[in-house]
Amino acid sequence: MRSEEPDSCGFGTALQVIGGKWKISLLWELHLRPHRFAELRRLLPGVSEKVLTQQLRQMEADGLIARHDFGEVPPRVEYSITQLGLSLNEAVTAMSKWGKQHEAWKSHRSAAA
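Residues numbered from 1 in each chain as written. Predicted model: local features only at pLDDT ≥ 70, side-chain atom pairs only at ≥ 80, totals over all residues. Heavy atoms only, no water.

Scanning the chain from terminus to terminus reveals five helices and three strands. For 113 residues, the compact-globule estimate of 2.2 N^0.38 gives 13 Å, and the C-alpha radius of gyration of the chain, at 17 Å, exceeds that figure by more than 25%. In terms of its C-alpha atoms, the chain occupies a principal-axis envelope of roughly 65 × 35 × 25 Å. A burial count over the chain gives 23% of its 113 residues as buried. In the chain, 44% of the contacts between residues at least 6 apart in sequence involve partners at least 24 apart. For the chain, the exposed surface amounts to about 8,000 Å²; the carbon and sulfur share of it is 56%. On the chain, the mean spot of the 15 positive side-chain charges and the mean spot of the 13 negative ones are 8 Å from each other. (Helix = DSSP H or I, 4+ residues; strand = E, 2+ residues; numbered from the N terminus. Rg over C-alpha atoms; globule rule 2.2 N^0.38 Å. Buried < 20%, exposed > 50% of the residue type's maximum accessible area, 1.4 Å probe, protein only. Contact = heavy atoms within 4.5 Å. Areas by Shrake-Rupley, 256 points an atom, 1.4 Å probe, with all protein chains shown as cover. Lys, Arg positive; Asp, Glu negative; His and termini not counted. Charge placed at Lys NZ, Arg CZ, Asp CG, Glu CD.)

Within the secondary structure, K21 is located in the loop between α1 (11–18) and α2 (23–32). Considered as a pair, K21 and W98 are 77 residues apart in the sequence and their alpha carbons are 19 Å apart.

Let's shift gears to a nonpolar patch on the surface. A surface patch of nonpolar side chains, about 290 Å² in accessible area, is lined by F11, L15 and M95. With respect to the helices and strands, the residue L15 is situated in helix α1. (Patch = residues over 30% accessible without salt bridge, like charges linked within 9 Å, V, L, I, M, F, W, Y side chains within 5 Å. Salt bridge = Lys/Arg side-chain N within 4 Å of Asp/Glu carboxyl O.)

Across the sheet, which stays open at both edges, the three strands sit in the order β1-β3-β2 with antiparallel pairing between neighbours. Each edge of the sheet is formed by a strand with only one pairing partner; in this case those strands are β1 (35–36) and β2 (65–69). Here five bridges tie β2 to strand β3 (residues 77–81), and the two strands are oriented antiparallel to one another. Along β3, the bridge assignment pairs A66 with S80. (Pairing = 2+ DSSP bridges.)

With that settled, the discussion passes to the environment of D62. Its place among the elements puts D62 in the loop between α4 (49–61) and β2. D62 sits 46 residues away from Q16 along the chain, and the two C-alpha atoms are 9.9 Å apart.

Below, the structure written as C-alpha cells:
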C-alpha cells in the first residue's frame with residue numbers, strides 16, 4: 001500500500017516506484033525496444049506470470065511504461081517505455097555505476113587486509 005503523504009526528499013517515492021525484484025530488469029529491457037508479454041517472460045527467467053503482470057501494471061500506473069492493446073484476435077499487447085521511464089532509467093544507470101564502484105572499493109579493501 002502506498003502512502004499519500006508527500007516525500008520531502010523524493011528518494012522514498014523513487015524507491016517505491018522501482019521496488020520489486022523485476023522492475024529494474026523490465027525497465028532495462030523496455031528501454032531497448034517494445035516487447036510483448038511472452039517476450040518479457042522469456043527475457044526474465046524465474047519471473048512468474050502473476051508477478052510479471054503485477055509489476056507491469058504497477059509500472060503502467062506509475063507512468064513508467066505504456067501498454068498498447070492492438071485490439072486483435074488473438075490478443076496482441078505490447079509494452080514500451082515512456083519518457084518518464086527513460087528518465088528513471090538514467091537515474092538507475094547512475095546508481096548501477098555507483099554500485100560497481102562500491103564493489104571495486106570493497107574488493108580492493110578486502111585484498112589489502
